[in-house]
Each structure stands twice: as structure tokens, then as C-alpha cells.
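# Overview (structure and organization)
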Amino acid sequence: MIKLSLRTFVHYRLYSLINLLGLALSLTCVIIIARYIYSELTVDRFNTKLDRIYITTVERFGNQGNCFLHGIYNPNNEQNFVDISKHPGVEKHASFIYHHGDEVAFDNRTYKPNLLVIDSVFLQTLDYRVIAGANNICRPEDAFLTEAFAAKVFGKEDPIGKTFSYSSVNKTVTVVGIIRQPSHKSMLSFDMLVSSELVEEWGHSPQSLILLYPKVDYHDVNSRYNEFTQSGYWWRDSVRYQLFPYKDVYFNKHTFGFLHGNIVYISILSGIGILLLLIGLVNYINIHSVVMLRRNREFGMKKVFGAGSGRIFVQLFVENLLLTVVASVLAFWLVTILSPFVENTFDIRQYPNLRFDICLAITLIVLLPAVVSLAPCLRYRYFSPLRSLRSINAGNKSLFSRKFFLGFQYFITMGLIVVSLFFVRQLNFMLDKDLGFRTQNIIQVPFVEFQSTRAFNMSPEEYREYKAKIKTINIMLKQKMTEFPLTEHWSFGYFPIRKAPASFKITVADKETECHLFASDEAWFKVFDIQLLEGRLWNDELENSNPYNFIVTESTLKQLGIADYREALMQPIQRLWYTGSLDDLKTNPPYRIVGVVKDFHATHLSQRIEPTVFHFKNLSVTEPVMVAFAPERRQEVIEFMKNLHDELIGGEFTYSFIEDEITAMYNEDKKVAVICTVFTGIAIMISMLGLFGISLFDIRQRRKEIAIRKINGAQIIDIIRLLLRKYFVVLSIAFAASIPIALFAIYKYLENFAHKASVSWWLFATALAVTIAISLCTLLYQTYKAGNENPAEVIKSET
């Protein structure tokens, strides 16, 4: 049977090669997408107890409905504090703190690892595999490294027992263990683990992991701890801790601090993967049907000599199985070769899983040959031998099926072209839109990052020296920046960009809304050129004497129903934490509005413009320095800021531009546009391979008809027009069918977008033009060649 199958491949080698290439390309894309989706849907599945692990959320009284992840924290040992981890259903309670960006040093080399501060229960709760050294943290100075970070620092040298200088806390830590990269993607991204007992106070909010005993329902735990109780933390409000499934954090867009997945992005990739698989399968079936038409007599004779449908099915299945195996091996090889390119270009990281790869390969290798072999087997089962022995020219139904499958390929291809063009259009629309503030030629340079962990663990004398040093740097930096002639404006502070939704709650006359909150001063508004509509902007001298003022955007007034901003009194529900005051909010006077500025877009343009409030703050060197400059002065400004940084601070010099930060907001959209465009190109290649095979067969079948027409006076252009007419009829029908489907896909993608690019007619015209052009390139050579053949030789060879 295998020898017979190989002989068939050789005899129909051109069609087999077309099928092999088309199927291999299709399977390569499907495997890449399937691996990525599997890794996204199985995040943290290396944890054997994942279904019993929960993370705590906190909700403040008066701010119900606005929960956020936060660990159980009672630093002042409030007597009325209710600890949810004391529930009898809790098996373990672990805590950890994100501490990314801190510097550690080894052998006079400085590193900034992603650092996680953990307690001794952390590695007992989450199943990170320790491959060398101790199994857990036992002493305050113990530290664990990931396998990748250990290789980066030490190469092939054994890292166990090596020490790092942890400058942020002025301590030394010793490597006691190495952690292997998990077999599945993890929400927690870290390079180094250190003990929470290394210092007394870390200055960052903890996170709490709760492991429940089997069969304990977390809903019952939450209902038991549903009351608000007094907290000793900085907000001084009554709080309520609740459990949230750890496995659901990854796709929850309202949780922050973890790696997050994008379910919309996964849905788009799934759709693209399914369409590419369909194109590959339809292309395979179409070419295979051509081969089967040429084998009509072969199977008719077999049926005459007693071959049953089961034997025919086995032969076809083995033939298709061999070709699918070769295509699958080629596809997995291409995936391995292309993995670095895919990761760097598409940001689709591959997490190879042998079990998944085997299951996927078996599914493809078994199902595809079965589907392809079933139709011809049923055909020969119910057709009489006489009908099978007829000439292959008498196949109107087969001609219709070939047209249908070809039209289906055209339909998917043109739909993908339209959608990919729109994704690019929407991306450019968002990147080019006027956001309402200056978005070009502003550089941001951090000078002094306030190290809360170090400050919390300083003695009073050390802290006074630290503050005096910062004050001196602040004075010197202001003097240097004022003397620098190439700046248009400069200020301390941050870009007016927010990745999280608005969450700062304020009330006016018992009407409440959530706003974005920005700390700003007089110079800050000059840097970003935000337009004033009414009132005034900040005056540093005036605001220092009365800090209870706000500047708001016009949408804030509309949201709160304020007709005259001068009469409105705004009461924050949350404390402005950076004022340094721990006074109760009830003792603070309400804030007055002194100015109204034009709305601007602080978030991704898929979101509507949200209310925004500006609070005055004396910004200083603990915030980054921002400089607005003329475009031609960019390199000079960078050099000046680097020299200033080296003079005042020293160490690593980092900077960013506002245009880069804005572009980074749309990385996911850019990724979708690039992936859709590339995979659309692959779909076009597969469709053109199928078109080449079908047209080759059809033209060979009509050689005698073409010769007779030429004898009767037909010109080459008439022959070409005759041969192309059928394909362009199919293309036109497919184009008409693709329009509503493409529109549905576009509107479905945009349903949650507040700002949308228009769907223009040229998207569809371009898709049609591209498809026609590529089809002509595929068809013209063969039709021209057929039209130039000698009629006498053709008729002689066909008789």
C-alpha cells in the first residue's frame, strides 16, 4: 500500500508538491497560533494546586465596587481587624512584594533584576521548581535566582554560595537556590527572590496568596468576612478583604501588577488560525479532487475487479496520511526555525510543550487525511463502474465543486485583506490623532528615584542626610536647567498618560464620579501646552498658600453637572496620598475649581475621554525631569541631560520620549495589525498555489478546444479572455460575499472602541485589486502558453 502511494506521488508529483507546500504553510501558521493560545490559556498550570489558590483583594468603605489586589496588612495591630487568612479553611497564607528596578551588584557589575520579596511559605504555595541548592528560604539573607538570570550573571559557573550586594537596602544576599523556568507561562515575572525578613520595612504594598483546603468554597469564606473593619494602613478607612481566584487574574483587566492576557487578541488570533487552516484544507481538497478526476479509470477498474469501498478508503487514507505527515514534519521544522523571528516580530513567545505538540500533531495527521479521503471514497462507493470509467472530461459536478472551493479561498483571502488593511488604518488613526496636548519632542529623564525601602529602614540621622542630599541636587538641577538655552519649557513630573482606568473618586453636591488625577505645577502645563478654557492655570506662589484647589477638564464639569465652576465645591473621597498628610478626609476643606482646561486623551483611544482633575504639587527632583525642545535640538538636549546626570547623580543614564510612550500604548494594536497582515500574505500564497494547480488542470483539459478555436480564427487575446472569464466570475461572487463578513468582523472588533477610523470603500477596492493582480500573475503565463501552442500538434497528441 505504501509503495503504491509513493508511486502515485511520483506520477502526480506536480500536484503533490503544490499540495505539500500549501498544507505545510497552513500548518506552520496553525501550529504557531495554537502554541501561543495554549500557552495563554494554561498560564500558571504548572501549579498543581492552582484551583485552590486565591489572592486577596481589598475594598474600602465608601468606595464600594472598586476592589484592587492587596495583601492582608495590619501594621498597627488594630484590635478590631478581621484577618481572612485565619479562616479554618485556609491551609497556607503566603505573601510577596514586587520590587522591580532595584540594583544588585556582583563582581563590580550592576544589574537591575525583576525582584520578588517573598516569605518562607511562597515556594510551598506555588510550584516553582528548584533545580539546585536549598528548597526554600530559611535565613533573611537567602536568595534564589532563576536559571536564566544565573546564566546571565555567572555563565557556566556554579552560582550557589555567591553573594550579591543589594544597594537599595544596604544588605548582602547569598544565592542558595536556582529555579527552573516553568513549563507553562507564569503571571509572576521575576529574576530573583529575596526574603521578606531581610529588612524590617519594604515600603511597598504586599500581596497575599491563600491556599484553601480541598473542597472549601471561597464564596463561603468571602461571605463570612463580608463586613468592613478598621485598618491600620495609610488610608485609615474601614476595609473588607475578599478572596479572588488566582487563575482568573491573568484575564482580568482590572487587576494590576501582574502579566495580563488579552482575550480579544486571543480571539482574533484564533479566528485567523481557523481561517488559515480552512484555506489550507480547502486548497488540499481542491487539488486532490483534480488528481482524483485523473484517476477515475484507475478506481473504476479496481471496482470492476472487486475492490470494496473500504479498500479504496484505506488506499486514499494512506496516500493522504503520508503527505500530511511530511507536511507536518516540515511545518514543525519551520516553526522551530522561525521561533526567534516570530518572538521578536510578533511578540508571540513560544512555550513548547511536548504533550501538546504530540496531541496537535496526531489530531492533524489523523483528521486531515480522513476528511480528504472520505468524499472521493463515498463517490466511488455509490457511482457505478461504468460512470467511473468515463472520460475525466465529463465531470460537471466536479467542475462546480472546484469553482466552489476556489471561490471559498477567494472569499477568505479577500476578507482577510480587508480586515488587515483596516487594522493598519485604525492603528494609524490612533497614532496620528490629536490628543489635546503636546506629543512631540519632549524628553523625560529620571534623576533621583525615591527608594522607599531604603528610606523606611534608615536611622533618623541617615534620613536627614538623605533628604539634605536630595534638596541639594534639586537646587543645583533647577539652576542648570534654567541656564540651559535650548529648552522651550521644562518641568518635573510625568507624562499625562494613564494605562489604568480612572479611579480617583470625587463628589459634588452628592454626585460622584471617577477621575484621572495628575500632580502638576505651573511649569508642567507649559511643557504640555494644554489649552485653558476658563479661569486660570497654576501660580506656584498662590497655590503654596492655599493647596485646596483643582483644575479640571470640561468633561469633569459635564459628568458632575456643574454649570458654574466658580461655585462648585469638590470633595475627594480618597486622600491625596502624596500630600504627606494623614488627616482624616472629613477634616479637610472641600476643593475649589480655579480653572477649566480642554479635554485631552490620557488613555488608549479605545476608551472614551474620562474626567480629569489636576492637583497642585511642588514637583521636585524625585520626579523625572521633562524638557520640551525644538526638533533640530534633539541630540544636543540628550547630550546635555546625560552630562547633567553624570555630574549630579552618576550611574546609568536612561531617558524616554513622549512619542515613544504614546506609541507603546498601542503595542497590542500594532501586533494585531502586523500579524494579520503577515498571515494574510501567507493566505494569499496558499490560495495562489491552489489557483495555479486548478488552472493548470483546466487549461490542460481544454487544449483541444483551444486548438480548434485557433484554427477557426481566434486570436491569443480571445483565448486568454475565454480562459480567464470563469475565474473572474468566481472572484466577483466571492468578493460580493466577503463584503458583509469583513464589515461584521470590523464592527465586532470596534464595538468597544470609543474612537474609530471610518470604513472606506477603498479598503474593499484594494482587496479586489490585489486579488485580481495576483490571480492574473498566476494565470497569465499558463493561458498565454496555451494560446501559443501549435494547433496541429495539440490535436495530434489529443487523438
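Residues numbered from 1 in each chain as written. Predicted model: local features only at pLDDT ≥ 70, side-chain atom pairs only at ≥ 80, totals over all residues. Heavy atoms only, no water.

Once that is clear, we can look at the nonpolar core. With 135 residues, the main nonpolar core has Phe 447, Leu 477, Phe 528, Phe 614 and Met 641 as its most contacted residues. At 14 residues, the largest contribution of residues to this core is made by helix α19 (residues 667-701). Discounting residues that sit within four places of it in the chain, Phe 447 has contacts with Leu 477, Val 621, Val 625, Met 641, Leu 644, His 645, Leu 648 and Ile 649. Phe 46, Val 121, Phe 144 and Ile 179 belong to the second-largest nonpolar core, a separate cluster that totals 30 residues. (Core = buried A, V, L, I, M, F, W, Y, C linked by side-chain atoms within 4.5 Å. Buried < 20%, exposed > 50% of the residue type's maximum accessible area, 1.4 Å probe, protein only. Helix = DSSP H or I, 4+ residues; strand = E, 2+ residues; numbered from the N terminus. Contact = heavy atoms within 4.5 Å.)

Attention shifts here to the packing of aromatic side chains. Considering all chains together, one arrives at 37 aromatic pairs under this definition. Between Trp 490 and Phe 492, the ring centres sit 5.3 Å apart and the planes meet at 85°, which makes this aromatic pair edge-to-face. Of the aromatic side chains, those joined through ring pairs into one cluster are Phe 437, Phe 495, Phe 518, Trp 524, Phe 525, Phe 528, Phe 600 and Phe 614. (Phe/Tyr/Trp six-rings, centres within 6.5 Å; stacked < 30°, edge-to-face > 60°.)

This brings us to the pairing of strand β23 (residues 612-616). Counted residue by residue, β23 has five buried out of five residues, so it is predominantly covered. Of the two faces of β23, both are covered, the one formed by Thr 612, Phe 614 and Phe 616 as well as the one formed by Val 613 and His 615. Summarising the sheet, strand β18 (residues 511-520) and β23 pair through five bridges and their orientation is parallel. Paired with Ala 519 across the strands is His 615, a residue of β23. Summarising the sheet, strand β20 (residues 549-553) and β23 pair through three bridges and their orientation is antiparallel. Within β23, the position partnered with Ile 551 by the bridge is Phe 614. (Pairing = 2+ DSSP bridges.)

Attention now goes to the pattern of salt bridges. Enumeration over the complete set of coordinates arrives at 23 salt bridges. Its salt-bridge partner being Glu 659, residue Arg 634 comes within 2.6 Å of it at the nearest N-O pair. Highlighted residues: Arg 634 in helix α17 (residues 634-648) and Glu 659 in helix α18 (residues 658-664), separated in sequence by 25 residues. On the basis of relative accessibility, which here comes to 26%, the residue Arg 634 falls in the partly exposed class. A single salt-bridge network, built from bridges that share partners, covers Arg 45, Asp 51 and Lys 247. (Salt bridge = Lys/Arg side-chain N within 4 Å of Asp/Glu carboxyl O.)

A few words on the sheet that holds strand β16 (residues 487-492). Read from one edge of the open sheet, four strands run β16-β24-β15-β25, paired in antiparallel fashion. Each edge of the open sheet is held by one strand with a lone partner, namely β16 and β25 (656-657). As paired elements, strand β15 (residues 442-445) and strand β24 (residues 625-629) share four bridges and run antiparallel to each other. Across the sheet, residue Ile 443 finds its bridge partner in β24, namely Val 627. Of the strands in this sheet, β16 and β24 are in contact with helix α13 (residues 460-483), which crosses β16 at around 165°. Lying over the sheet, α17 contacts β15, β24 and β25, oriented at roughly 155° with respect to β24. (Axes fitted to C-alpha atoms, helices over the stretch in contact; angles between N-to-C directions.)

Any link to function would need more than the numbers given here.
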